[in-house]
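The primary structure of each chain is shown beneath.
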Amino acid sequence: MPTAFSTMIKPVGSHCNLDCSYCYYLDKADLYGGRQTLMQPPRQYIEGNKSDVVTFNWHGGEPLTAGVDFFRRAMVFQRKYAAGKRIDNTIQTNGTLISEEWCTLFRENNFLVGVSIDGPREIHNAFRRDRGGAPTFDRVVAAIELLKGYGVEFNTHRVSEGRGGEVYRFLRSIGSGFMQFLPVMEHAVQGEGGRLVIVPPGRPDAGLAPWSVSSRGFGHFLCDVFDQWVISDVGSRYVQLFDVALAQWVGEPPSLCTFGETCGDSTVVEHNGDVYLCDHFVYPEYRIGNVAEDNLVELIEGPARLHFSLDKRNLLPRECLRCKWYFACRGECPKHRFDITVDGEPGLNALCEGYKMFFSHVDPYMKYMKDLLDRQMPPALVIPWARQRMAIL
């Protein structure tokens, strides 16, 4: 039995109160039934997890549309089955529904709240509008201020091509100490009425969705953010991808599954109890069971998850395995593997060029921080060296 495992729980499936132009959840609503399954996931998740700390990752869609009472009941179930384990909760939200009542719930139960914000007003409002077409920036910023006022820990995430430095400075200005920058890159086919439908890799009739970031654009974005972070904020502000990169250089296991050699440790429980191998592979062929009918731990330990996990490494093209940056990249997320290598092998990550650019750019700084850690010194001491190096360059 695994010592620990992670599961994302989606209490409302893909349901959301917004209509973001790049959302990959909305076209999956037809996969699920209408009922919610609340008791089984917390009980099986806690009892089957052999870690002393069990983290619930609440996601959507927009999970806050489940209502405060739903989460109050979930907290009751967590306490009922905790059996001496510490229970942590994280939740990802678009922020528009956060109120004082929600902040009280978050504070009393020590939630870490992830808020989706794309950057300054014009960047955010270009993509993240509600179902009536109204912009949401002011509501999200107000929600962040409310979280800060209640002392609720929060982080922010998203990516906007070509404006890395600007986005980073903005997130600093609103008090974000934890940031995630996620590449929006999807493979899509035309569905009924010409609507684009997101599909997994391997569909020969699929193409890049028009809202996708370019590989070079993503690489430039990361480099721009890194250049500001490394001369001022190492040790005081945390950017997920930079922490993961440092772990790779040091030889520690990465905290983000996309950069692990294998994957499959972050299963998903949808609101109807269906279990999928990964949140990016919520398609019928990746459904492995239902918590109302199957035991969650047995599903996670089953052969489907093992094969899915090993395929991340085993199906990589030879070009990737020979790459000097393989130790840092590990092929990244399988959901992005829909390009072809120069030798004609399928399975090349569509963000390959951008990641090569980023890893090459940060290599000297990562080596310097690794040396600091080897000497039991804080990585933040890279800051004066980075300033001097950039001044020369």
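Above this text you will find the structure in question.
Fair warning: this is a prediction, and the values are worked out from it, not measured in the lab.

Reading guide: rules and limits
Residues numbered from 1 in each chain as written. Predicted model: local features only at pLDDT ≥ 70, side-chain atom pairs only at ≥ 80, totals over all residues. Heavy atoms only, no water. Helix = DSSP H or I, 4+ residues; strand = E, 2+ residues; numbered from the N terminus. Rg over C-alpha atoms; globule rule 2.2 N^0.38 Å. Buried < 20%, exposed > 50% of the residue type's maximum accessible area, 1.4 Å probe, protein only. Contact = heavy atoms within 4.5 Å. Areas by Shrake-Rupley, 256 points an atom, 1.4 Å probe, with all protein chains shown as cover. Lys, Arg positive; Asp, Glu negative; His and termini not counted. Charge placed at Lys NZ, Arg CZ, Asp CG, Glu CD. Core = buried A, V, L, I, M, F, W, Y, C linked by side-chain atoms within 4.5 Å. Pairing = 2+ DSSP bridges. Axes fitted to C-alpha atoms, helices over the stretch in contact; angles between N-to-C directions. Phe/Tyr/Trp six-rings, centres within 6.5 Å; stacked < 30°, edge-to-face > 60°. Salt bridge = Lys/Arg side-chain N within 4 Å of Asp/Glu carboxyl O. Polar contact = N/O pair within 3.5 Å; in protein donor to acceptor, adjacent residues only side chain to side chain. Expected span 1.5 Å × (residues − 1).

Draft legend 1. Representation of the overall build of the protein within the structure. Within the protein, the secondary structure is distributed over 14 helices and 15 strands. The C-alpha radius of gyration of the protein comes to 21 Å, within 12% of the 21 Å expected for a compact globule of 393 residues. By the burial criterion, 53% of the 393 residues in the protein qualify as buried. For the protein, restricting intrachain contacts to residue pairs at least 6 apart in sequence, the fraction spanning at least 24 positions comes to 67%. Only carbon and sulfur atoms are counted for the fraction: they give 51% of the accessible area of the protein, which is about 17,300 Å². On the protein, the mean spot of the 42 positive side-chain charges and the mean spot of the 47 negative ones are 3 Å from each other.

Draft legend 2. A look at the nonpolar core. Counting residues in each nonpolar core, the largest one holds 98 residues, and the members touching the most others are Trp58, Phe106 and Val113. Ranked by the residues each element gives to this core, the list is headed by helix 13 (residues 352-374), at 9 residues.

Draft legend 3. Representation of the environment of Trp385 within the structure. Mapping Trp385 onto the fold places it in helix 14 (residues 382-392). Here the alpha-carbon distance between Trp385 and Cys23, two residues 362 residues apart in the chain, equals 41 Å. For Trp385, the residues in contact, after removing those within four places along its chain, are Pro364, Tyr365 and Tyr368.

Draft legend 4. Examining the pairing of strand 5 (residues 153-157) more closely. Burial within strand 5 is extensive, with 4 of its 5 residues counted as buried. Relative to strand 6 (residues 178-180), strand 5 runs parallel, the two being bridged by 2 bridges. Bridge assignment links Thr156 to a residue of strand 6, and that residue is Met179.

Draft legend 5. Looking closely at the sheet that holds strand 11 (residues 266-269). Spatially, the 10 strands line up as an open sheet ordered 10-6-5-4-3-2-1-11-12-13, and their pairing is mixed. Each having just a single partner strand, strand 10 (238-239) and strand 13 (287-290) make up the two edges of the open sheet. With 5 bridges joining them, strand 4 (residues 111-116) and strand 5 adopt parallel strand pairing. Directly across from Ser116, in strand 5, lies its bridge partner His157. Where helix 2 (residues 68-81) meets the sheet, its contacts fall on strand 2 (53-58), strand 3 (86-93) and strand 4, and the angle it forms with strand 2 comes to roughly 165°.

Draft legend 6. Spatial organisation of unusual backbone geometry. Residues Gly60 and Gly61 are joined by a peptide bond in cis, for which omega reads 10°. The topology assignment puts Gly61 in the loop between strand 2 and helix 2. Backbone geometry places Arg330, a non-glycine residue, at a positive phi of 55°.

Draft legend 7. The packing of aromatic side chains, seen in detail. Counted under the stated rule, the structure contains 31 aromatic pairs. Seen in terms of ring centroids, Phe181 and Phe221 are 5.3 Å apart; in terms of plane orientation they differ by 65°. Their pairing is edge-to-face. Note that Phe181 is positioned in the loop between strand 6 and strand 7 (187-190) and Phe221 in helix 7 (residues 215-229), a separation of 40 residues in sequence. For the pair Phe181 and Phe221, a shared accessibility class is recorded, and that class is buried.

Draft legend 8. Region of the structure containing the sheet that holds strand 9 (residues 207-208). With antiparallel pairing, the 3 strands of this open sheet are ordered in space as 8-7-9. Edge positions in the open sheet fall to strand 8 (196-198) and strand 9, since each of these has one partner strand only. Sheet analysis places strand 7 next to strand 9, joined by 2 bridges and oriented antiparallel. Of the residues in strand 9, the one forming a bridge with Ala188 is Gly207.

Draft legend 9. Spatial organisation of the side chain of Glu62. Positionally, Glu62 belongs in the loop between strand 2 and helix 2. Buried charge without a partner: Glu62 forms no salt bridge, and the closest opposite charge is Arg128, 6.5 Å away. A distance of 3.0 Å separates the side chain of Glu62 from the side chain of Thr93, its partner in a polar contact. The contact partners of Glu62, leaving out residues within four places of it in the chain, are Val12, His15, Cys16, Asn17, Thr93, Asn94, Gly95 and Leu97.

Draft legend 10. Geometry of helix 10 (residues 303-314). Between its first and last C-alpha atoms helix 10 spans 15 Å; for 12 residues at 1.5 Å apiece the expected length is 16 Å, and the two agree. As for helix 10, its buried residues are in contact with helix 9 (296-300).

Draft legend 11. Spotlight on helix 6 (residues 164-173). Along helix 6, the positions that sit buried rather than exposed are Gly164, Gly165, Val167, Tyr168, Phe170 and Leu171. Taken together, the buried residues of helix 6 touch helix 4 (121-127), helix 5 (137-149), strand 5, strand 6, helix 7 and strand 10. At the exit of helix 6 stands Gly175, carrying a positive phi of roughly 90°.

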